[in-house]
Amino acid sequence: ETWTGNVGDVSEDFIRFIDLYVRDVFTEGLDTKRILGAELSTITFPMVLKDFVQAFEGAAPAAMSFTQAMTSATVLLAKEQAMKSYAKKMDEIAARAPRGMDDKAFEETNRSISKEISNEFQRMTIFGSDVTRSEAWRAIEENLRTLHARYM
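Residues numbered from 1 in each chain as written. Predicted model: local features only at pLDDT ≥ 70, side-chain atom pairs only at ≥ 80, totals over all residues. Heavy atoms only, no water.

With that settled, consider the overall build of the protein. Each helix and strand counted, the protein has five helices and two strands in total. Secondary structure elements of the protein, listed N to C terminal, follow the sequence α-β-β-α-α-α-α. Within the span of the protein, comprising 152 residues, buried residues form 25% of the whole. For the protein, restricting intrachain contacts to residue pairs at least 6 apart in sequence, the fraction spanning at least 24 positions comes to 73%. Split by element, the accessible area of the protein, about 11,300 Å² in all, is 57% carbon and sulfur. (Helix = DSSP H or I, 4+ residues; strand = E, 2+ residues; numbered from the N terminus. Buried < 20%, exposed > 50% of the residue type's maximum accessible area, 1.4 Å probe, protein only. Contact = heavy atoms within 4.5 Å. Areas by Shrake-Rupley, 256 points an atom, 1.4 Å probe, with all protein chains shown as cover.)

By the definition in use, this model includes two aromatic pairs. Centre to centre, the rings of tyrosine 86 and tyrosine 151 are 6.3 Å apart; their planes meet at 75°, and the pair counts as edge-to-face. Taken together, the residues span a long stretch of sequence, with tyrosine 86 in helix α3 (residues 66-96) and tyrosine 151 in helix α5 (residues 130-151) at a distance of 65 residues. On the numbers, 5.2 Å between centres and 40° between planes, the contact of phenylalanine 121 with tryptophan 137 is tilted. (Phe/Tyr/Trp six-rings, centres within 6.5 Å; stacked < 30°, edge-to-face > 60°.)

The biggest cluster of nonpolar side chains holds 19 residues, and the ones touching the most others in it are Tyr86, Ile117, Phe121 and Leu144. Going through the elements one at a time, α3, α4 (103-122) and α5 are the ones with two or more residues in this core. Element by element, the count of residues in this core is highest for α3, at seven residues. Non-local contacts of phenylalanine 121, meaning those with residues more than four positions away in its chain, are made with Ala78, Ile126, Arg133, Ala136, Trp137 and Ile140. (Core = buried A, V, L, I, M, F, W, Y, C linked by side-chain atoms within 4.5 Å.)

For the rest of this paragraph, the subject is the environment of histidine 148. You can see histidine 148 is positioned in helix α5. Given the relative accessible area of 10%, histidine 148 is considered buried. A C-alpha to C-alpha distance of 9.4 Å links histidine 148 and glutamate 107, two positions 41 residues apart in sequence. In this view, histidine 148 contacts Tyr86, Phe106, Glu107 and Asn110; residues no more than four positions away in its chain are not counted. Here the side chain of histidine 148 touches glutamate 107 through a polar contact of 3.2 Å, side chain to side chain. (Polar contact = N/O pair within 3.5 Å; in protein donor to acceptor, adjacent residues only side chain to side chain.)

Once that is clear, we can look at the pattern of salt bridges. Enumeration over the complete set of coordinates arrives at five salt bridges. Between arginine 16 and aspartate 13 there is a salt bridge whose closest N-O contact spans 2.2 Å. Within this pair, arginine 16 and its partner aspartate 13 are both found in helix α1 (residues 12-27), separated by three residues, close to a single helical turn. For arginine 16, a relative accessible area of 46% puts it in the partly exposed group. Lysine 89 serves as the salt-bridge partner of glutamate 116, at 3.2 Å between the closest nitrogen and oxygen. Here the residue glutamate 116 occupies a position in helix α4, and lysine 89 occupies one in helix α3, the gap between them amounting to 27 residues. With a relative accessible area of 33%, glutamate 116 lands in the partly exposed category. Overlapping salt bridges, with partners in common, bring together Lys89, Glu116 and Glu120 in one network. (Salt bridge = Lys/Arg side-chain N within 4 Å of Asp/Glu carboxyl O.)

Structure, rendered in structure tokens:
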């Protein structure tokens, strides 16, 4: 038989089996993906994807040296780690203040956590020059502002 598109033609057993399958796939069957040992989360995936799109936008395929690849990988991992750390700390604060915080306390908390992230970043290994590290930190600051807005 060919299906005409009429929902009424779909067997209830089929719907039940699809429901079970989808629940299994999306609750138990999905594993967190790891890049060089660091988890790629839903928080940072759009930012990592954006970086890759910008990196390859309009570029013809070109070989990347091992040093370039390591630089790029360590920068992405540093960004991921910083974003996850910020989100974890903000989630902990949000859990302790379920009714929210006044604006002044919230901004002070954000500054404090951002400073902690900066200190953590200083201890991260990033292959490349000081310019590479500075550019990575600027990108992290921009990403932190994006995350900060989600908590407002």
